[in-house]
Amino acid sequence: MKTVLLMGFEPFDQEPVNPSWEAARQLDGFKIDQDVMVVARELPCAFATAGERMLQLIDELRPAMVIATGLAPGRSEISMERVAININDARIPDNLGEQPVDTPVVDGGPAAYFSTLPIKAMVKAVREAGIAASVSQTAGTFVCNQVFYRLQHALVGSAVRSGFIHVPGESLMPLSRLVDGLRVAVSVAWNTSVDAVEVGGQVS
Ligand code: PCA
């Protein structure tokens, strides 16, 4: 049995729940096909511990694909992130009270990494399921971007594809729709080796 590791975050910024983990946990044990299963795990929302926990999970579970998810409270669409950047710039303290400003995620690392997931195919499939989705050109500069960058840094050059999905707050997308959308996104990510070419992007 192969594993697709799907991660979500604990609550942060005084919110009682984080829909990224609430949705991911509902997909724990979901079989994408006969020999591929989703394993869901929760990450702490702290610069000092989130990346370490993620690397531990990869070590322990030896996943064939890794998808991290996090909450982007103001967004109304499921966002397939294109790029992780090598900068921490926290607007608020994390759950351990740390608030790094303009520090690198990885000292001496490249400026950025691209997702190795088929993000356009994922957006297309989620939209076809009637659920709002888009490609996002920034995962921010808080803990989610840090985890995304460290994930891509750890797996660069490996056969294990990986990436990040930001999810809307619960007032903008009910949890059941989010679970449906993530299920589609994860399945399509696994089953698509060459990304679709779809017009998108932003002029500015
Ligand atoms: N969202 C935050 C961190 C944890 C989460 O769910 C972010 O976008 O960085």
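Residues numbered from 1 in each chain as written. Predicted model: local features only at pLDDT ≥ 70, side-chain atom pairs only at ≥ 80, totals over all residues. Heavy atoms only, no water.

Draft legend 1. Highlighting the state of the cysteines. Counted according to the given criterion, the structure contains 0 disulfides. Looking at Cys45, it has no disulfide partner, and the nearest cysteine sulfur is the one in Cys144, 6.7 Å off. In this structure Cys45 comes out as buried when scored by relative accessible area, which is 3%. Assessed through its relative accessible area of 11%, Cys144 is described here as buried. (Disulfide = S-S within 2.5 Å. Buried < 20%, exposed > 50% of the residue type's maximum accessible area, 1.4 Å probe, protein only.)

Draft legend 2. Region of the structure containing the site of the ligand. Lining the immediate surroundings of the ligand are Phe9, Phe12, Asn18, Cys45, Gly70, Leu71, Phe142, Val143, Cys144 and His166. In the environment of the ligand, an oxygen atom lies 3.5 Å from a nitrogen or oxygen atom belonging to the backbone of Val143. His166 is positioned such that a nitrogen or oxygen atom in its side chain is 2.8 Å from an oxygen atom of the ligand. For the ligand, the protein covers 94% of the area, taking 260 Å² as the surface of the free molecule. The set of elements that each furnish at least two residues to the shell around the ligand consists of strand S4 (65-71) and helix H4 (143-155). Class assignment of the residues belonging to the shell around the ligand gives a composition of 7 nonpolar, 3 polar and no charged. (Near = heavy atom within 4 Å. Polar contact = N/O pair within 3.5 Å; in protein donor to acceptor, adjacent residues only side chain to side chain. Areas by Shrake-Rupley, 256 points an atom, 1.4 Å probe, with all protein chains shown as cover. Helix = DSSP H or I, 4+ residues; strand = E, 2+ residues; numbered from the N terminus. Nonpolar A, V, L, I, M, F, W, Y, C, P; charged D, E, K, R; others polar.)

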